[in-house]
Amino acid sequence: MDRADILPLPSTAWKADYLEDTSVRRLVLEQYDRESLPLRRYLQFLGIDPETAQEVVHEAFLKLHQHLLADGDRTNLRAWLYRVAHNLGRNTQTAFRSSRTDALPDLTVNGDLPSQAASIEQELLDAERNRLVRAAIHRLSAAQRDCLVLRAQGFKYREIAEVLNLSISTVGENIQRGLEKLKELL
Amino acid sequence: MKDLDDLSLTHPPDALLIQAADDELSTAGAAAIDSHLAACQACKRRYQALRQVSAGIESALAASPIDFSFEQRARLERQLEARARIAPIAAPSHLLRRLSSAVAIAAALAFALLYVPHWSRSLKTAGPVPARLPSAFEVDGESFVALPYSNPDLPLNASHIVQMQVPVSSLADAGIVFEPISNEMSSPDRSVLADVLLGMDGRPLGIHVLNAE
């Protein structure tokens, strides 16, 4: 074997690599536990079918792993994940950008079984209200919808701008116009 | 923000009310909006209506029926382990990364079939012998010395064996110390030929020293 094939690194480098691999995997899984459901919810809310949303989110976390192994920026991994998932989703399904309300998942009563008739009634009212909001949101422009849904996920304007590759002022305008239109529709 | 300067005289536009609700204004801007809302019922109603629409979106979003999939998580975990950097003990990491599982297993099998008897002889008759052995185990009839960080609970049958040059300094750090048989042997650059057992996660689990360089 050629001398050049012998790794000159001391064994501490091997340990460092191993510890780095482990910590990256742990970080990805922590992010998965925290963000995979909101991400799937976000994608489905924008019209992606549940199976595709699941696969898109899975792929986004594999990309996050690559990103971290390549010493990528870690300052806002949540925004990074949404940006990657958003782009993957857009590439995966053209319905992402359409206004197909029939693609929306059926609303079902969520949570524990209600113990009283009043709570059942309230839940049905809530479900109907949610259905109307969904239908109204899908009558907005894609940019307005994206901005409003990310805002509802708790992102700041600068983060939404980062996810959607827009300027902060454009994000503000989309949110304002989207909310005003929704106010008229609901 | 010029709109904020004369809030006491004019009603703030929706844009400013929304930014105030989203905590996107400066402290001074937020204070100006607050004081205006405290004094102007019309703007307060507008503000609350916008807040209500926002709450409706959050509620509709949160009501999406989605379950956490433990199966998907386990699948991701397996894939992450398979994609992890292979921790190099001796061979260049870029070389190891290129070794697909199939190639590594095939190479290890072919190597074992051809050379196992020769290794046994060479170990008995020549080359340095580890003076101090940490715990050992067998895979496919070959003895491996367990390396630090190896997990004894991992299944060994799906592991890969890769032959490579390993620096003696690395082995010393792993608890395998060679008795110097010459001055050359104590050189820090010294390396030995060894089979390295890689676990399913790509980490070195054990080492079988074949011969000195």
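All residue numbers refer to positions counted from 1 along the written sequence of the respective chain. Each chain takes a letter, starting from A, and each ligand takes a number, starting from 1, following the order in which they are written. This being a predicted model, a pLDDT of at least 70 is required before a residue's local features are given, and a value of 80 or more before pairs of side-chain atoms are given or counted; all residues contribute to the totals for chains, interfaces and linings.

Chemist: Explain the overall build of chain B to me, and be specific about the residues and the numbers.
Modeler: Strands are runs of DSSP state E lasting at least 2 residues, helices are runs of H or I lasting at least 4, and numbering of each runs from the N terminus. Within chain B, the regular secondary structure consists of eight helices and seven strands. Buried residues are those with 20 or more other C-beta atoms within 10 Å of their own C-beta, exposed residues have 12 or fewer, and partly exposed residues lie in between; C-beta atoms are placed from the backbone. Looking at chain B as a whole, 31% of its 213 residues are labelled buried. What counts as a contact here is a pair of residues whose C-beta atoms, placed from the backbone, lie within 7 Å. In chain B, the share of contacts with a sequence separation of at least 24, taken over all contacts with a separation of at least 6, comes to 67%.

Chemist: Requested: an account of unusual backbone geometry, with residues and values cited.
Modeler: With a phi angle near 60 degrees, Asn165(A) is a residue other than glycine that sits in the positive phi range. Here Asn165(A) shows up in the loop between α6 (157–164) and α7 (168–185).

Chemist: A description of the nonpolar core should follow, citing residues and the corresponding values.
Modeler: One nonpolar core equals one set of buried Ala, Val, Leu, Ile, Met, Phe, Trp, Tyr and Cys residues connected by C-beta atoms within 7 Å. Formed by 59 residues in total, the largest nonpolar core has its most connected members in Ala60(A), Ala85(A) and Ile160(A). Sequence-distant contacts of Ala60(A), that is, excluding residues within four places in its chain, are made with Leu39(A), Leu81(A), Val84(A), Ala85(A) and Leu88(A). Counting residues in hydrophobic clusters, the runner-up holds 18 residues, among them Val145(B), Ile161(B), Val166(B) and Val168(B).

Chemist: Let's hear about the environment of Leu179(A): which residues, and what values?
Modeler: Locating Leu179(A) in the fold gives a position in helix α7. Residue classification places Leu179(A) among the buried positions, given that 25 C-beta atoms sit within 10 Å. Sequence separation between Leu179(A) and Leu140(A) is 39 residues, and the spatial gap between their C-alpha atoms is 9.5 Å. Setting aside residues up to four positions removed in sequence, Leu179(A) forms contacts with Ile18(B), Leu50(B), Val53(B) and Ser54(B).

Chemist: Please provide a residue-by-residue account of the packing of helix α2 (residues 50–69) of chain A against helix α5 (residues 70–83) of chain B, values included.
Modeler: Relative orientation of the contacting elements α2(A) and α5(B) amounts to 30 degrees, with a least axis distance of 11 Å. The angle between the axes of α2(A) and α5(B) places the two elements in the roughly parallel class. Between α2(A) and α5(B) lies a crossing of right-handed hand. Contacts between α2(A) and α5(B) involve Gln54(A), His58(A), Phe61(A), Leu62(A) and His65(A) from the former and Gln72(B), Leu76(B), Gln79(B), Leu80(B) and Arg83(B) from the latter. Throughout, the ten residues Ala, Val, Leu, Ile, Met, Phe, Trp, Tyr, Cys and Pro are labelled nonpolar, Asp, Glu, Lys and Arg are labelled charged, and all others, Gly among them, are labelled polar. Grouping the constituent residues of the contact of α2(A) with α5(B) by class yields four nonpolar, five polar and one charged. For helices, the fitted line uses only the C-alpha atoms of the stretch in contact; every axis is such a line through C-alpha atoms, and the angle between N-to-C directions lies from 0 to 180 degrees. Small angles under 35 degrees read as roughly parallel and large ones over 145 as roughly antiparallel, with 65 to 115 read as roughly perpendicular and the rest as oblique. The crossing is said to be left-handed when, going from far helix to near helix, the turn is anticlockwise and less than a right angle, and right-handed when the turn is clockwise.

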